[in-house]
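Spelled out, the chains give:
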Amino acid sequence: MMNIDKTLSKGAFDFIDDAKIQSLIDNTVEDAGKVREILAKSLEKKPLSVEETAALLAVKSPDLLEEIYDTARKLKNDVYGNRIVLFAPLYVGNYCINNCKYCGFRNSLHTAVRHTLSDEELKNEVLALENEGHKRLILVYGEAPQYSPEFIAHTVRLTYQTKIGNGEIRRVNINAAPQSVDGFRIIKEAGIGTYQIFQETYNKQAYRWYHPENTMKGDFMWRLDGMDRAFEGGCDDLGIGALFGLYDWRFEVLGLVTHALHLQDKFGVGPHTISFPRIKPAHGLDLDLKYQTTDEQFKQLVAVLRLAVPYTGLIMTARESAEIRDQVIDFGVSQIDAGTRLEIGSYQTKRTGEQQLNREQFKIGDPRELGEVMEWLMNKDYIPSFCTSCYRLGRTGEHFMEYAIPGFIHNFCTPNALLTLSEYLEDYAPESTKAAGYALIDRELAKVADEAKAKLIRERLAKIKSGVRDLYF
Ligand code: SAM
Ligand code: SF4
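Residues numbered from 1 in each chain as written. Chains lettered and ligands numbered in written order. Predicted model: local features only at pLDDT ≥ 70, side-chain atom pairs only at ≥ 80, totals over all residues. Heavy atoms only, no water.

**Q** Would you mind going over the overall build of the protein in detail, with residue names and values included?
**A** Summing up its helical and strand segments, the protein has 19 helices and nine strands in all. Over its C-alpha atoms, taken along the principal directions, the protein stretches across nearly 60 × 60 × 45 Å. Put simply, the protein has 473 residues, and 61% of those count as buried. The long-range share in the protein, meaning contacts at least 24 apart out of those at least 6 apart in sequence, stands at 76%. With an accessible surface of roughly 18,100 Å², the protein has 51% of that area assigned to carbon and sulfur atoms. Considering the protein, the positive charge centre built from 58 side chains and the negative charge centre built from 67 side chains are found 2 Å apart. (Helix = DSSP H or I, 4+ residues; strand = E, 2+ residues; numbered from the N terminus. Buried < 20%, exposed > 50% of the residue type's maximum accessible area, 1.4 Å probe, protein only. Contact = heavy atoms within 4.5 Å. Areas by Shrake-Rupley, 256 points an atom, 1.4 Å probe, with all protein chains shown as cover. Lys, Arg positive; Asp, Glu negative; His and termini not counted. Charge placed at Lys NZ, Arg CZ, Asp CG, Glu CD.)

Put into structure tokens, the structure is as follows:
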């Protein structure tokens, strides 16, 4: 075990009532009238209660499910706009003291190849990502004494300092172990965006089975309270998640909604993002996953989350195949990773072909390069966005409820998506993508009803074409 201060947040308590969640799953039956009332409520962007969410999860009839999907699509179209934020994960180190049974980095797996990027290697990874056009990264770490808050903060600073030509990283998010309040503060001071911690499973019995008790991660409460301590340490931009496949998918959705409501109640700010990774094959993984989430369940859970937490971004990772991403993105996903490589140091070597699973955490489902993902999105009339403006203008936490502010999407998100897309087209895109990208920009500009706003956007686009960078609203 690591020797860190394990004081919980003020007023910490276990807000996950397993029996209540289980009873909602067992006793909620499909009720079309009630479901339609709930759908009407979510179209007004009202957060759903855990009970209402359970009612949507209980739906099995294909027709009623279609109504859920249609409402999620409609909510997305009417309210969230059509921009998709792009990022890349960057694994900094895979040493780990834990023994999570589903993970290719677990401590007892002696055949896993372990490495921590040196400063030089980290810089080279960042340069390689910048040369592809990335502006937003999430740095990922195993849990080990060497990945201290000071080390994590150092790697964040180094990432921001590393620039080439017009390439720079403007937002660094973190996926790492839960810290003490002081630990979170040290990391926050390096200028991070979102701090992500996935609870993995909200069911305590399953949690105990997957995370052996004598490990750091074996302490359910230390992890559950992680986001609360992060908030106390100054991080008001938080990402929660569950690893689907460890327990009943409905339990995890209700756990996530309970967690979101808890943060909203306690701090007045819900989570900035929710992630819903599904467990993937990994090195040394031989589990009988009786709860593996099917594609149909996955679609339903994404649509239901969209409806339940109207102010929260949804992240769908490259664990999912291109086909599934294509089907599910319309339900209101707001962020995806692209050009994803998990092997430590593999962006600079441009390694292609089969993944070497003894060097990586799990098998990804969508290995497409950033450019291919951009083209796919634009063909679907989505605006790929590298926007980082809210975080840089201090629009975070309680000041940042982007979806809650009328007109926010039209005034900020869409214009900023167009500006960052134009930067990408100028600096990194092949000619064919450039043509398709500017055609999309023209179509989007034609939709801007406010002529003064359209003029402002056009002026900034012209500046970008003449070489100015990093313009935002
Ligand atoms: N070590 C830190 C921790 O556990 O919080 C950082 C996170 S880990 C590198 C990132 C996430 O990957 C985990 O939280 C887990 O949800 C997910 N993960 C682990 N094994 C996986 C697998 N086999 N398939 C898909 N996702 C997996
Ligand atoms: Fe370590 Fe995280 Fe993998 Fe668990 S999920 S073994 S903590 S890297």
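**Q** Tell me about the site of ligand 2, and name the residues and values.
**A** Taken together, Cys96, Asn98, Cys100, Tyr102, Cys103, Phe105, Arg106, Gly142, Lys217 and Gln361 make up the full set of residues near ligand 2. Looking at the shell around ligand 2, its residues break down into five nonpolar, three polar and two charged. (Near = heavy atom within 4 Å. Nonpolar A, V, L, I, M, F, W, Y, C, P; charged D, E, K, R; others polar.)

**Q** Residue-level account of unusual backbone geometry, with values.
**A** Positive phi, close to 70°, is recorded for Glu200, a residue that is not glycine. For Glu200, the location among the structural elements is in strand β4 (residues 195-200). Using a relative accessible area of 7% as the deciding quantity, one classes Glu200 as buried. Even without being a glycine, Asp470 presents a positive backbone phi close to 65°.

**Q** Residue-level account of the packing of aromatic side chains, with values.
**A** The description of an aromatic ring pair uses the distance of the two centres, along with the angle that the planes make with each other. This structure, assessed with the given rule, holds 16 aromatic pairs. Plain terms: the ring middles of Tyr69 and Phe331 are 4.8 Å apart, the flat faces sit at 10° to each other, and that makes the pair stacked. Of this pair, Tyr69 sits in helix α4 (residues 62-80) while Phe331 sits in the loop between α13 (322-328) and β8 (335-337), and the two are 262 residues apart along the sequence. Residue classification places Tyr69 among the buried residues on the basis of a relative accessible area of 4%. Between the aromatic rings of Tyr141 and Phe151, the centroid separation amounts to 6.5 Å while the plane-to-plane angle is 85°, which identifies the pairing as edge-to-face. Highlighted residues: Tyr141 in strand β2 (residues 136-141) and Phe151 in helix α6 (residues 149-161), separated in sequence by ten residues. The pair formed by Tyr141 and Phe151 is uniform in burial state, with each residue classed as buried. One aromatic cluster is present, built from ring pairs that chain together Tyr102, Trp209 and Tyr210. Of note, Arg229 hangs over the ring of Trp222, and the distance from its end group to the ring centre comes to 3.4 Å. The positively charged end of Arg368 is found above the aromatic ring belonging to Trp376, 4.5 Å away from the centroid. (Phe/Tyr/Trp six-rings, centres within 6.5 Å; stacked < 30°, edge-to-face > 60°. Lys NZ or Arg CZ within 6 Å of the ring centre and 35° of its normal.)

**Q** Could you give an account of the site of ligand 1, naming the residues involved and the relevant values?
**A** Taken together, 20 residues sit near ligand 1, with Tyr102, Glu200, Lys217, Arg223 and Arg319 positioned nearest. One of the backbone nitrogen or oxygen atoms of Tyr141 is found 3.1 Å away from a nitrogen atom of ligand 1. Contact with the protein chains covers 97% of the free accessible surface of ligand 1, which is 560 Å². Those elements giving two or more residues to the shell around ligand 1 turn out to be β2 and β4. Residues belonging to the shell around ligand 1 are distributed by class as follows: ten nonpolar, three polar and seven charged. (Polar contact = N/O pair within 3.5 Å; in protein donor to acceptor, adjacent residues only side chain to side chain.)

**Q** Lay out the side chain of Thr388 with the relevant residues and their values.
**A** With respect to the helices, strands and loops of the structure, Thr388 is situated in the loop between β9 (383-385) and α16 (389-392). Every residue in contact with Thr388, bar those within four places of it in the chain, is listed here: Lys135, Arg136, Arg170 and Arg171.

**Q** Go over the environment of Ala190 with me, naming the residues and quoting the values.
**A** Considering the arrangement of structural elements, one finds Ala190 in the loop between α7 (181-188) and β4. Exposure remark for Ala190: the relative accessible area of 9% places this residue in the buried category. Sequence separation between Ala190 and Phe244 is 54 residues, and the spatial gap between their C-alpha atoms is 31 Å. Those residues in contact with Ala190 that lie beyond four places of it in its chain are Ala153, Val156, Arg157 and Tyr160.

**Q** So what's going on with the nonpolar core? Which residues, and what values?
**A** Of all hydrophobic cores here, the largest spans 140 residues; its most connected members are Ile68, Ile174, Phe276 and Ile336. The element contributing the most residues to this core is helix α11 (residues 249-267), with nine residues. In contact with Ile336, not counting residues within four places along its chain, are Ile84, Val85, Leu86, Phe87, Met316, Arg325, Ile329, Val373, Trp376 and Leu377. (Core = buried A, V, L, I, M, F, W, Y, C linked by side-chain atoms within 4.5 Å.)

**Q** Tell me what's going on with the pairing of strand β7 (residues 313-316), and back it up with residues and numbers.
**A** Side chains of β7 alternate between two faces, with Gly313 and Ile315 and Leu314 and Met316 buried alike. For strand β6 (residues 273-275) and β7, the ladder comprises three bridges, and the chain directions are parallel. Across the sheet, Thr273 pairs through a bridge with Gly313, a residue of β7. Taken together, β6, helix α12 (residues 295-308) and β7 form a β-α-β motif whose crossover is right-handed. Pairing of β7 with β8 involves two bridges; the strand directions are parallel. Bridge pairing in β8 places Ile315 opposite Gln335. Regarding topology, α13 serves as the crossover connection from β7 to the parallel β8, and that connection is right-handed. (Pairing = 2+ DSSP bridges. Right-handed = clockwise from strand over helix to strand, strands pointing away.)

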